[in-house]
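Tertiary structure, described
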Amino acid sequence: GIKYRKYVLGKTKLDNSVDLFIIGYYSIDMDIDDDMQAIDGYIVKGGKMLILEQPAVNRMSRSIAFVAASGHPALKGISQDRFYLWSGMSGEIFSGGVLLPVKGRHRSLVTVGGIGHGAMSLASDKIYSVLLEKIKGNGVILNCYLNVSRRYGKDPESTKLVNNMIEYLVTLPKQKEKRVGY
């Protein structure tokens, strides 16, 4: 099994003895603002965080998503055709996402929307990320809007994705911030 400890807002110290900090399904509440400085400090110093489904600002749902970063370790063994009609929940594969960032150290691993995605596109040309990797300081955050938590252990694709994300984050070496001058 995996050793874990529960993080209690304002009471548990979050430091580099934690290999991976997971924010579980719909577990962020308004009180987290008080702890954001500690969480940010943990990430910037090389911490790794996996954020599973949270209430979405951009509420939408579809039964298909598109791989935007094939070959990424979090997507190991999961091909494009596996992001379509997952088991249960009427095939809904995600229920929210973030507008694809245009600057910063982000990479969308799985996207939805856009004009080019045919009948399954959203009603605009906007592209949203439903699995987003963000580098912050020396740390990494995977923000997953894909509906994996309630399917874990029941649906092979979502189970594999969760296992891949955890394996990727716990084995990823600490990031080094790169600076370029000219």
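The sections below set out a description of the structure shown in this document. Because the structure is predicted, anything quoted here is derived from the model rather than measured.

Glancing now at the pattern of salt bridges. All chains considered together, the criterion is met by 3 salt bridges. Between Glu 167 and Lys 76 there is a salt bridge, with the nearest N and O atoms lying 3.5 Å from each other. Of the two residues, Glu 167 sits in helix α2 (residues 156-171) while Lys 76 sits in the loop between β4 (66-67) and β5 (94-99), which places them 91 residues apart along the sequence. Among the residues examined, Lys 76 registers a relative accessible area of 44% and is labelled partly exposed. Here Arg 107 ties to Glu 133 by a salt bridge, and the two come within 3.2 Å at their closest N and O atoms. Of the two residues, Arg 107 sits in strand β6 (residues 106-113) while Glu 133 sits in strand β7 (residues 127-136), which places them 26 residues apart along the sequence.

On to the packing of aromatic side chains, then. Evaluated as defined, the whole model comprises 2 aromatic pairs. With 6.4 Å between their ring centres and 80 degrees between their planes, Phe 21 and Tyr 42 make a pair best called edge-to-face. Separated by 21 residues along the polypeptide, Phe 21 in strand β1 (residues 21-23) and Tyr 42 in helix α1 (residues 36-44) bring together distant segments of the chain. For the pair shown, Phe 21 and Tyr 42 are each scored as buried. Ring geometry for Tyr 25 against Tyr 26: centres 4.8 Å apart, planes inclined by 40 degrees, an arrangement best described as tilted.

In this model, α2 (16 residues) spans 22 Å end to end at C-alpha, consistent with the 22 Å of a helix rising 1.5 Å per residue. Among the residues of α2, those classed as buried are Glu 157, Ser 158, Thr 159, Leu 161, Val 162, Asn 164, Met 165, Tyr 168 and Leu 169. Of the surrounding elements, those touching the buried residues of α2 are β2 (48-51), β7 and β8 (139-144). Taking the backbone nitrogen of Glu 157 as reference, a side-chain oxygen 3.1 Å away marks Asp 155 as the first, capping residue of α2.

How each quantity is defined
Residues numbered from 1 in each chain as written. Predicted model: local features only at pLDDT ≥ 70, side-chain atom pairs only at ≥ 80, totals over all residues. Heavy atoms only, no water. Salt bridge = Lys/Arg side-chain N within 4 Å of Asp/Glu carboxyl O. Helix = DSSP H or I, 4+ residues; strand = E, 2+ residues; numbered from the N terminus. Buried < 20%, exposed > 50% of the residue type's maximum accessible area, 1.4 Å probe, protein only. Phe/Tyr/Trp six-rings, centres within 6.5 Å; stacked < 30°, edge-to-face > 60°. Expected span 1.5 Å × (residues − 1). Contact = heavy atoms within 4.5 Å. Polar contact = N/O pair within 3.5 Å; in protein donor to acceptor, adjacent residues only side chain to side chain.

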